[in-house]
Amino acid sequence: MPKRRGNLNTIYISERLQECLRQIAYCTLTTVVAPMGYGKTTAVNWFLTEKSHKEKINTIRISVYSDNLAIFWKSIQDAFDYAGFNFLKEYPYPNDPASGSLLVDAVCHELGGVIPTYIFLDDFHLMTDRRVTEFICLLVGRLPDNVHMIIASRDRFLPAGEILRLGNKVHQIGIGNLRLNHTELSVYAHKCGTELTASQIDQLLYSSEGWFSAIYLNLRTFSEQGILADNDSDIYTMFRSAMIDPLKEDQREFLAVMGLADEFTVEMASYITGYDIAESMIKAMTEQNAFVTRLPDGIHFRFHHMMKECAERTFKELPKGKQLSYINRYGDWYKDHEQYIHALAAYRQSENYDSLLDVVKADAGILLATQNPDEVISLLDKCSADILSRHPFSLLVLMRCMFNWHRIPKMLEIKGLLLSAISNQPEMDESEKGNLLGECDLITSFLMYNDISAMSSLHRSASEKMTHEAISLSNKGGWTFGSPSVFMMYYREPGELAKYLTEMDECMPHYYKITDGHGKGAEKIMRAEACMMQGDFVDTQLLLEQAYNMAESANQENMVLCADFTMRRLSLFTDVKPRCTFEERYNELLSQRNIAQINILIANQSYYYALVGKEDKIPDIFRRHLLATINLLAPGKPMNEMIENQVYLLQGDYPKVIAKNTELIEMCHGMHYALVGMHLNIQTAAAYEKMGKRSEGVLALKKALEDALPDKLALPFAENYQYIKDIMKECVTESNSAFIDVIYTLGDLFEKRINKQKRETVLPDSLSVLTKREYEIATLMHERMSGREIAEKLFISEGSVKQYVNQIYSKLEIEGDRRIKRQKLFEMIEKK
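**Considerations on the overall build of the protein chain**
Argument step 1. Check the secondary structure of the protein chain and you find 43 helices and seven strands.
Argument step 2. Each principal axis of the C-alpha atoms in the protein chain carries an extent, and together these give about 110 × 85 × 40 Å.
Argument step 3. Burial status across the protein chain gives 55% buried among its 832 residues.
Argument step 4. Residue pairs at least 24 apart in sequence account for 71% of intrachain contacts in the protein chain once pairs closer than 6 positions are excluded.
Argument step 5. Charge separation in the protein chain, taken as the distance between the mean sites of 93 positive and 112 negative side-chain charges, equals 4 Å.

The following block contains the structure:
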């Protein structure tokens with residue numbers, strides 16, 4: 001029998017492990033990888049506690065509970081917010097490299113400083129999406145020196161190539177560091193108040209192989225029964241025998257039920273179990289059980305995975321009726337607290353489809369859109385038509401989700417269910433019926449995209465029927481699908497411009513009424529673009545001012561950016577001043593954390609600087625042709641591809657422009673993008689001309705002129721005047737000669753203004769090896785601007801600034817530490 005009874009919940013960190021943990025403070029990333037039960041979390045928590053006792057630190061703790069990205073991102077936002085960093089609250093999850101880079105810049109800027117900051121990501125093995133690992137590797141490569149990331153996982157997650165690339169930034173702690181040796185096991189047993197004989201220590205070490213959880217359970221058994229556990233028992237049998245079976249029936253059921261939760265509070269436990277003594281039960285568990293812990297916020301509790309697994313097994317032994325009752329209570333709790341993904345999972349498990357559809361309505365498709373479309377469709381297939389018909393507003397949300405997922409047949413099937421449900425409920429209030437039918441028309445209109453006449457008919461119908469704004473559409477989302485131009489979206493066929501403009505004027509007020517001003521100002525922007533295309537610059541300016549006022553009054557940033565795009569192009573032909581600089585607009589968007597809008601701004605900037613011939617000012621995404629790394633929506637893709645073509649022209653990569661023409665023209669034909677197709681043909685003609693293939697260039701340019709002539713759309717030709725002014729002479733006919741005269745007039749104006757605007761930078765001899773962009777960065781460094789400030793001014797990432805700085809030092813053969821290199825560079829600049 002044991003000689004004395006001690007505290008089995010004693011935290012023991014061996015001297016060997018302590019030394020290993022101390023290295024965390026000197027590395028950017030520490031990985032703690034070992035199977036379940038080796039004390040990974042305990043070891044990291046010990047280190048963080050010790051550090052906090054010695055100095056002021058920031059600690060950000062993030063627990064992973066599944067591979068659901070929406071839940072994972074919410075956990076990160078909450079963790080940063082709890083630690084006092086609320087800047088992530090408005091950031092959407094970075095779903096492409098461009099948004100990932102933006103987020104990295106923000107994290108580095110907000111966390112950088114002198115106070116050590118530790119980000120602890122626990123149970124990372126549950127996150128199976130490799131994109132998360134890729135983002136972490138990007139982040140680790142850029143984190144400031146005071147920030148350290150710790151990731152605990154059961155499985156290795158870092159690719160060998162990344163370990164090699166990151167080098168001494170990575171510190172690896174593994175199973176060998178965490179398992180107890182003979183001496184450490186003796187010390188731990190003694191600290192727990194359990195005196196084992198030498199042979200018992202040998203036996204325990206042999207059976208456990210230093211596995212902390214197995215040792216703990218054996219010591220607990222020994223403390224209670226005076227003998228070590230049976231060597232033939234598996235860990236779960238041993239765990240249940242030691243931790244669950246000895247409990248009273250109500251305690252056992254309480255533990256089994258709360259084991260379903262990732263985290264829980266006393267309030268939640270009381271609600272789910274119905275126990276008035278939930279608080280005292282939790283208090284007893286945390287005091288007597290090392291596998292139930294209170295989280296640092298002092299409010300939430302969680303089970304260790306081993307306890308959770310055994311609790312879930314015990315839960316399955318409860319009567320089926322009880323199981324369903326508890327699961328439904330979980331669903332109710334999550335729904336009431338707007339944790340809709342958790343609520344959907346609970347109701348799905350209990351097959352409570354009525355409540356599940358209530359959650360779909362409450363969520364309005366926001367979080368549902370992050371789920372796997374096939375899984376959602378599979379779930380809907382399990383709902384009977386009778387159940388679905390009882391939830392018409394949920395059907396509206398599902399219709400919109402199916403459209404977003406491009407599951408059009410399913411969308412139309414749900415629409416049929418909705419219409420049938422409405423017609424089969426004659427007792428339904430007429431107002432409610434009108435709102436349902438009106439919003440159904442609104443969602444159906446999306447299928448008619450860029451057919452203004454068809455969309456307008458449905459919008460008018462919706463507006464007449466609805467008495468409140470749409471529930472399935474947020475006015476905070478983008479309106480142009482990433483396109484910087486409204487006109488390019490809705491100009492379908494040559495010769496129909498007047499019709500399109502009239503239809504837009506008639507259609508949009510109805511749309512604004514039922515969407516709370518979504519896209520407000522679109523019709524004014526489209527008319528302004530049309531005037532500009534025809535060379536009517538006075539009306540263009542007047543219409544743009546109206547568009548700005550409308551868009552800003554409804555907080556429609558997307559439309560403001562479209563107005564910016566037109567205003568920038570207008571400024572190349574007449575004396576108008578843009579509302580703000582690119583840098584000012586970027587900073588404004590950055591504060592809103594909206595990467596989709598920033599991508600539009602990047603497109604604006606790229607097209608403008610491609611026209612004026614300033615390649616060094618074109619953002620990396622277009623200058624280095626990384627467009628494929630942006631998550632572009634299909635309707636906005638052709639416009640962005642056309643802008644990339646303009647950059648290719650500036651760079652002299654004419655074969656690329658020609659090679660892309662066929663594919664892009666087919667895409668535009670399929671989407672009825674006549675204006676984009678016109679731009680592409682002009683660019684192709686320019687490329688052929690530059691390569692000495694005039695006959696092919698003439699054919700492409702004639703096609704563009706043929707499409708432009710009916711509505712007198714001259715501006716795209718003038719913007720490419722330097723490339724096509726000679727070849728255009730061979731395209732003159734009796735029918736288009738007057739139109740081509742207009743193009744020559746606008747082209748001459750454009751060329752004169754561009755030549756006047758250009759200011760060649762003459763580099764001093766000592767710096768002549770630098771590119772214009774490198775010289776620009778060097779002068780900004782000389783002005784004592786930080787990397788962050790330079791990045792914002794030049795509209796590139798901080799990572800790109802660092803690369804440029806390294807290139808500058810390398811080209812100028814400047815060596816030494818950071819301070820010395822900067823001093824030498826400044827001396828070279830000052831000698832110019």
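**Examining the environment of alanine 685**
Argument step 1. Along the chain, alanine 685 turns up in helix α35 (residues 674-690).
Argument step 2. We classify alanine 685 as buried; its relative accessible area is 0%.
Argument step 3. Setting aside chain neighbours within four positions, we find alanine 685 in contact with Gly697, Ala700, Leu701 and Ile727.

**Some words on helix α29 (residues 557-570)**
Argument step 1. If you check α29, its first and last C-alpha atoms are 20 Å apart, about what 14 residues at 1.5 Å a residue would give, namely 20 Å.
Argument step 2. Counting buried residues along α29, 14 of its 14 residues qualify, which places the element largely inside the surrounding structure.

**Quick look at the environment of phenylalanine 87**
Argument step 1. On the secondary structure map, phenylalanine 87 appears in the loop between α3 (69-82) and α4 (97-111).
Argument step 2. A residue is classified by how much of its surface remains accessible, and phenylalanine 87, at 4% relative accessible area, is buried.
Argument step 3. When the C-alpha atoms of phenylalanine 87 and glutamate 719 are compared, they prove to be 41 Å apart, with 632 residues separating the residues in sequence.
Argument step 4. Discounting chain neighbours no more than four positions away, the residues touching phenylalanine 87 are Phe80, Ala106, Val107, Glu110 and Arg593.

**Remarks on the environment of lysine 191**
Argument step 1. With respect to the helices and strands, lysine 191 occurs in helix α8 (residues 182-191).
Argument step 2. Take lysine 191: its relative accessible area is 45%, and that puts it in the partly exposed class.
Argument step 3. Measuring from C-alpha to C-alpha, the distance between lysine 191 and threonine 10 comes to 7.1 Å, with 181 residues separating the pair along the chain.

**Details of the side chain of histidine 459**
Argument step 1. With respect to the element layout, histidine 459 can be found in helix α24 (residues 452-465).
Argument step 2. Classification of histidine 459 by relative accessible area gives buried; the value is 3%.

**Points about helix α26 (residues 497-515)**
Argument step 1. Compared with the 27 Å implied by 1.5 Å per residue over 19 residues, the 26 Å span of α26 between its first and last C-alpha is a close match.
Argument step 2. At cysteine 507, α26 is bent by approximately 30°, the largest bend along its length, and proline proline 509 sits one to four residues beyond.
Argument step 3. Taken residue by residue, α26 has Leu497, Tyr500, Leu501, Glu503, Met504, Cys507, Met508, Tyr511, Tyr512, Ile514 and Thr515 as its buried positions.
Argument step 4. Considering only its buried residues, α26 is in contact with α23 (430-445), α24, α25 (487-490), α27 (522-533) and α28 (537-553).
Argument step 5. A positive phi of about 60° marks aspartate 516, the residue just after α26.

**So, a nonpolar patch on the surface**
Argument step 1. On the surface, a cluster of nonpolar side chains totalling about 220 Å² of accessible area is made up of Leu412, Leu447 and Met448.
Argument step 2. With respect to the secondary-structure elements, leucine 447 resides in the loop between α23 and α24.
Argument step 3. A relative accessible area of 32% means that leucine 447 is categorised as partly exposed.

**Examining the confidence of the model for the protein chain**
Argument step 1. Summing up the model confidence of the protein chain, the mean pLDDT is 89 and the portion of residues at 70 or higher is 95%.
Argument step 2. Within the protein chain, no element has a lower average pLDDT than helix α11 (residues 235-244), which sits at 67, and none a higher one than α27, at 98.

**Let's talk about the sheet that holds strand β5 (residues 170-173)**
Argument step 1. A sheet is described by the order of its strands in space; here five strands give the open sequence β2-β3-β4-β1-β5, paired in parallel fashion. Every interior strand has two partners, whereas the edge strands, β2 (58-63) and β5, have only one. Taking each pair of neighbouring strands and ignoring which way they run, the sheet shows an average axis angle of 15°.
Argument step 2. Sheet analysis places β2 next to strand β3 (residues 117-122), joined by six bridges and oriented parallel. Counted as the bridge partner of isoleucine 62 is leucine 121 from β3.
Argument step 3. Sheet strands touched by helix α2 (residues 40-54): β1 (29-33), β2, β3 and β4 (147-153). Its angle to β3, the strand with the most contacts, is close to 165°.

Conventions used here
Residues numbered from 1 in each chain as written. Predicted model: local features only at pLDDT ≥ 70, side-chain atom pairs only at ≥ 80, totals over all residues. Heavy atoms only, no water. Helix = DSSP H or I, 4+ residues; strand = E, 2+ residues; numbered from the N terminus. Buried < 20%, exposed > 50% of the residue type's maximum accessible area, 1.4 Å probe, protein only. Contact = heavy atoms within 4.5 Å. Lys, Arg positive; Asp, Glu negative; His and termini not counted. Charge placed at Lys NZ, Arg CZ, Asp CG, Glu CD. Expected span 1.5 Å × (residues − 1). Bend = angle between axes of the 7 residues up to and from the residue. Patch = residues over 30% accessible without salt bridge, like charges linked within 9 Å, V, L, I, M, F, W, Y side chains within 5 Å. Areas by Shrake-Rupley, 256 points an atom, 1.4 Å probe, with all protein chains shown as cover. Salt bridge = Lys/Arg side-chain N within 4 Å of Asp/Glu carboxyl O. pLDDT = per-residue confidence, 0-100. Pairing = 2+ DSSP bridges. Axes fitted to C-alpha atoms, helices over the stretch in contact; angles between N-to-C directions.

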